[in-house]
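# Summary of structural features
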Amino acid sequence: MKKYLKQVFSLLLALIVTIPLMSVPVRAENGPCLEEDYPFAFITLGDTVVFSATEANDVAGVAYDKGSNTLTLTNYNQPGTVLSTNMMGDDFKLNLVGDNHLAAIAVWGDGWGGSLNICGNGNLTVNETKSQQYGVNLVAEHTSSVLKVESSCNVVIYGGNGGSPFSSSYNLTAKPIVAKGNVTDLALETSHPFQPTEVYGGYFDPSIAPDTSSIYTKAGDDGLYIITTITDMAGNTSYRIAKLQNCEGLGADLAVTVADNATDVSEYTMTTQNATYYPTSSISGGPYYLVKKTATGEAYIYDGSYYENGASYTALFPVLTSFMDVEMQQTRYLMDINHPVSKTEKSLSATIDEALPDGYELQGTNVEGVYNFVSSASSLTFTAAASPVEIKDGVVDVSGGNTTISAESFQQILEANKNSDITIKSNNGITFTFGKGTMSAVANVTNYDFSVVLTQKYGELGALPSAVSQNIFVGEIRYNYSGQLPAEAQIRIPVGVAYAGQTLYYSQLLDDGTIRNIMSAVVDAEGYLTIKQNHCSTYLITKEKLPETAGKDAATGTNQAAAKAPKTGDSSMILFFTILLIGSMGAGIISIKKKNSYR
């Protein structure tokens, strides 16, 4: 696993660019980044932009509310689709309703804030096909990004082949996961990002010939100096003083500037000797990385963008000498540009470690206070905490939060049912009432989840049987509880006072499209439909009785409003992502984003 971690985090060293970093504010902000110069906040599902500053598209089973910064998934069953977000703030919430499936979740902080707060009463399975390397990936990009899972939902996250169910990079918090409910062993392995030692590597262009000048000495100093007179355009005279430094392999001495624009050189005395030298003021070069030969400790310079005859290479050069740059007050290295240790045609996929020949290692330090994480577990499971049971006048109210009741807590309800009716108040105003003395424990059930998804907008549903037209549709009800109930229940469902006095029809909809008629009932004056059943799955409420169908004939019709393919981003969004990617790169502590790696 340690070898794997090293390989993963060495990828962060692969991309170095010299363009300035875009001016993005570094802060963890609630809400998406939309008001700054670069409003790069977005939410995408696959190639579809659900939300951004410039575009939003409707997706069946998906809704985003900017006011609460909440993305709600309602029975969104897309195990091949990746959810990606960028700069959505630390209060970004993923609300789960019903049963949901995603391929992966990738969250970028980008100096703004990129936490993921999973909430709601539903379930979520991520990367069940293991097609993605990571299940949930928080690319914090120097923010304190946290995966928080509330106690009211159930979440299972899988890692792909050679991957991990959870990873996070360049995170400023040491605790990237907060589980409010129950969670399996996170098996988090922590490391600090590696910051390579960046140095100025210089060389003399082959077209430059060494200079020859008189040598100066200084009283009380055994050094040898070169003094050059400099006259500016106004006729003012000053002096550049350089100290000679022997440099084997250069073919001449190195004249290291120790003072520039000096006006008094009276303490120096010219000798009768001459020196042949290269002045450091003529050095070309730039920022490169320091490498060490492991066997000897000798220093080398790594150039990731060495150009020769129109081709680009990665190259490793020996160090001839080092010197102090008097102006920058930093050590600079003179490298032997004519004798590279290695020269390899550049590959964008190769890391620096991979580009180095055997026996050489990149120098640098691990950055304290910045963290990388990866889970070595094959999967992470977050389980909803059992709701405390309070029975008051035969009513159990779980409508205000977690609707899941543990089997242990359910025993209290069974005892109370021996002496009275029991009504369980769930979400969406729905109640389950069990007659006195009728309830019993259900075999192999460890949690009783009474949450319900009630959808009354025809356009929010996917494919429906052809018999269910918009004209007769009243609602679809999906019970999170699946299977046999503890007893026959009277279930009171709010359909609206507009249907008061009307007879509505209640039918079971099986996964294969089969329709089974259950019953009809009259809506009461308060707009509630009351039905009786001892089993829960998915049901339809309609104005007309539906014909019972076989599965193979049921789903020939399609809800066109919901099945219409959502439009994807145009070329402007491609440019948008490209600018975002470039703007996030920089030298120093290197962080890279792969915002298209899950597409």
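Residues numbered from 1 in each chain as written. Predicted model: local features only at pLDDT ≥ 70, side-chain atom pairs only at ≥ 80, totals over all residues. Heavy atoms only, no water.

What follows deals with the state of the cysteines. By definition, a disulfide is the covalent link that joins the sulfur atoms of two cysteine residues. Inspection of every chain in the model, using the stated rule, returns 0 disulfides. Cysteine 153 takes part in no disulfide bond, and the closest cysteine sulfur to it belongs to cysteine 119, at a distance of 6.9 Å. Overall, cysteine 153 belongs to the buried group, its relative accessible area being 0%. (Disulfide = S-S within 2.5 Å. Buried < 20%, exposed > 50% of the residue type's maximum accessible area, 1.4 Å probe, protein only.)

Take the sheet that holds strand 14 (residues 164-171) next. The strand order 2-1-5-8-11-14-32-17 describes an open sheet built from 8 strands, whose pairing is mixed. Pairing within the sheet leaves two strands with one partner each, and these edge strands are strand 2 (48-52) and strand 17 (188-191). Direction aside, the axes of adjacent strands within the sheet are offset by 10° on average. One ladder, built from 4 bridges, connects strand 1 (residues 42-45) with strand 2; its direction is antiparallel. Pairing of isoleucine 43 across the sheet is with phenylalanine 51, part of strand 2. (Pairing = 2+ DSSP bridges. Helix = DSSP H or I, 4+ residues; strand = E, 2+ residues; numbered from the N terminus. Axes fitted to C-alpha atoms, helices over the stretch in contact; angles between N-to-C directions.)

In this section: the pattern of salt bridges. Per the counting criterion, the structure on display carries 10 salt bridges. The partner of lysine 292 in a salt bridge is glutamate 361, and the shortest N-O contact between them spans 3.7 Å. With a gap of 69 residues between them, lysine 292 in strand 25 (residues 284-293) and glutamate 361 in strand 30 (residues 360-362) connect regions that are remote in the sequence. By relative accessible area, which is 28% here, lysine 292 ends up partly exposed. Ionic pairing is found between glutamate 476 and arginine 478, a salt bridge with its closest N-O pair at 3.0 Å. (Salt bridge = Lys/Arg side-chain N within 4 Å of Asp/Glu carboxyl O.)

Moving on, we come to unusual backbone geometry. The backbone of asparagine 261 shows a phi angle near 60°, a positive value even though the residue is not glycine. Residue placement: asparagine 261 occurs in strand 23 (residues 253-262). Unlike most non-glycine residues, asparagine 309 shows phi in positive territory, near 55°. Tracing the backbone shows asparagine 309 in the loop between strand 26 (299-308) and strand 27 (311-325).

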